[in-house]
Amino acid sequence: MPFLGQDWRSPGDQWVRTTEGWEKLRLWRLKVFENLNENVVARLIRLALTMDLGPHRQTTERRQPYFFFNKGTSREKKELTSLSEALLRLDMAGAVKDIRRSNFVCKLLQLILENKFANLSGTAQKHIFQILEATINEALRTELNLGWARELLSQAQKGLDQGQNYHIGSQCLWERHHALVCKLSNQVAAYQLKQRDEDNRVTLSDLPADCIRSILYCVADHRDIIHTGQAASKLQDFSQEMLLWRELCQYHFSNRQILTFLPSNVVVGKDEEEDSIDWKNIYKRCYKRFGKKETFADMLAMCTHCCSIYWQSLGHPCISDVEAKSRVLSPEDFIKLFPL
Ligand SMILES: [Zn+2]
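Notes on the structure follow. This structure is a prediction, so every number in the text was calculated from the model and none was measured.

## Comments concerning the packing of helix α7 (residues 146-162) against helix α8 (residues 171-190)
Geometrically, a packed helix pair is captured by the angle between its two axes and the distance between the axes.
Then, in step 1: One way to put it is that α7 packs onto α8 with a least axis distance of 10 Å and a crossing angle of 155 degrees. With respect to α8, the element α7 is oriented roughly antiparallel. Seen along the crossing, α7 lies across α8 with a hand that is left-handed. Touching Ala 149, Arg 150, Leu 153, Ala 156, Gln 157 and Leu 160 of α7 are His 177, His 178, Val 181, Leu 184, Ser 185 and Val 188, all from α8.

## What to know about the nonpolar core
Then, in step 1: Of all hydrophobic cores here, the largest spans 37 residues; its most connected members are Val 105, Leu 109, Ile 131, Leu 132, Leu 152, Ala 156 and Leu 300.
Then, in step 2: The element contributing the most residues to this core is helix α5 (residues 102-114), with seven residues.
Then, in step 3: Not counting the four nearest positions on each side in its chain, Ile 131 is found in contact with Leu 87, Met 92, Ala 93, Val 96, Val 105 and Leu 109.

## A short note on the sheet that holds strand β3 (residues 66-68)
Then, in step 1: Sheet architecture is open: four strands sit in the order β3-β5-β4-β6, paired in antiparallel fashion. Looking at strand neighbours, the two that pair on one side only are β3 and β6 (326-329), the edges of this open sheet. Between one strand axis and the next, the sheet turns by 25 degrees as a mean value, whatever way the strands run.
Then, in step 2: One ladder, built from three bridges, connects β3 with strand β5 (residues 308-311); its direction is antiparallel. Residue pairing for β5: Phe 68 is matched across the bridge by Ser 308.

## As for unusual backbone geometry
Then, in step 1: Look at Glu 143: it is not a glycine, yet its phi comes out positive at around 60 degrees.
Then, in step 2: Using a count of 10 C-beta atoms within 10 Å as the deciding quantity, one classes Glu 143 as exposed.
Then, in step 3: One non-glycine residue, Asn 145, adopts positive backbone phi at about 60 degrees.
Then, in step 4: With respect to the helices and strands, Asn 145 occurs in the loop between α6 (122-142) and α7.
Then, in step 5: Judged by local crowding, Asn 145 falls into the buried class, with 21 C-beta atoms found within 10 Å.

## A word on the environment of Phe 69
Then, in step 1: Tracing the backbone through its elements, the reader meets Phe 69 in the loop between β3 and α3 (83-89).
Then, in step 2: Here Phe 69 falls in the partly exposed class, since 17 other C-beta atoms lie within 10 Å of it.
Then, in step 3: When sequence neighbours within four positions are dropped, the list of residues in contact with Phe 69 reads Thr 81, Met 302, Cys 307, Ile 309 and Leu 337.

## A short note on the environment of Gln 187
Then, in step 1: Of note, Gln 187 is situated in helix α8.
Then, in step 2: Here the alpha-carbon distance between Gln 187 and Asn 137, two residues 50 residues apart in the chain, equals 9.1 Å.
Then, in step 3: Those residues in contact with Gln 187 that sit more than four places away from it in its chain are Ile 136 and Leu 140.

## Details of the packing of α6 against α7
Then, in step 1: Here α6 crosses α7 at 150 degrees, and the two axes come no closer than 9 Å. One element, α6, and the other, α7, form an angle in the roughly antiparallel class. You can see that α6 and α7 cross each other, and the crossing is left-handed. Along its contact with α6, which presents Leu 132, Thr 135, Ile 136 and Ala 139, the element α7 presents Leu 146, Trp 148, Ala 149, Leu 152 and Ala 156.

## A look at α6
Then, in step 1: Across its 21 residues, α6 extends 30 Å between first and last C-alpha, which sits within 8% of the 30 Å expected from 1.5 Å per residue.
Then, in step 2: Taken together, the buried positions of α6 are occupied by Ala 124, Gln 125, His 127, Ile 128, Ile 131, Leu 132, Thr 135, Ile 136, Glu 138 and Ala 139.
Then, in step 3: For α6, the elements touching its buried residues are α3, α4 (92-95), α5, α7 and α8.
Then, in step 4: Glu 143 lies just past α6 and shows a positive phi near 60 degrees.

How each quantity is defined
- Residues numbered from 1 in each chain as written.
- Predicted model: local features only at pLDDT ≥ 70, side-chain atom pairs only at ≥ 80, totals over all residues.
- Axes fitted to C-alpha atoms, helices over the stretch in contact; angles between N-to-C directions.
- Helix = DSSP H or I, 4+ residues; strand = E, 2+ residues; numbered from the N terminus.
- Parallel < 35°, antiparallel > 145°, perpendicular 65-115°, else oblique.
- Left-handed = near helix turned anticlockwise from the far one by under 90°.
- Contact = placed C-beta atoms within 7 Å.
- Core = buried A, V, L, I, M, F, W, Y, C linked by C-beta atoms within 7 Å.
- Buried ≥ 20, exposed ≤ 12 C-beta atoms within 10 Å, placed from the backbone.
- Pairing = 2+ DSSP bridges.
- Expected span 1.5 Å × (residues − 1).

Nothing here speaks to function; it is all geometry.
Next comes the structure, spelled out in structure tokens:
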């Protein structure tokens, strides 16, 4: 008599025919995420840029903003590079329109606004506020990075209040900064998130569970994971999974940092004990103590041969014939180059 029960090899699974034969749909989807190599990601970014920019497409033009950094004065070199010149030459206001560089610019603005902004020259202040205005306008236009926009405006307001009595530059200029921050804050406050129309197209919650997990595993900011969980009840459970928070802990913190908050009776590697660990709580405590790792899609770099500072993705016209080495500059490293 034939066996009529469920297929014991994989009950309820769907199969898909691939070039290598039949494969479980669930595993095949995982493979798609794992095979997102550099070329595929580069193609997706190119597609996203051309789709998003539309009429602003000229900004993708391959211009190479860079400048030669003068470390100090000598008989031959009299000029020092100023911060305002550096910001202008690196096209910071234009960089906020590039999805890869905008986070770097936001972090740089935040550091400048919270550290001795009042000690900057009037010209540098003007440049900073031009970049700030461009950042806010871009955030409102693309509806991306609005969290950054609010954070930067509150930081700018704080910086202006702190430097009210001892700033460099005229009082009139300082008043103008106040008025601009006020105008931009009102624009951001008046912004209403547009609800997506009922277009019967796929949303994040419609995706299969393993796809949602794979996407969440690529998110580096815990706030995005929490907000995703708040967006739909189906996503809430995914955002609470301990495995996800464990991955996030391991991405942002070193083993030594994690061990600081790991219960002493737990031995990492023993599954039954690891199940009882509240990784979300460990992440929270590590984040409060150590801060999270900053990640940027594109960063500045300094050429060791010609001392040019340039965007890594755009490169620079080097005078060296051989391929010169370069040193990556984080926003903190970049600011340290200029005496503030
Ligand atoms: Zn060079």
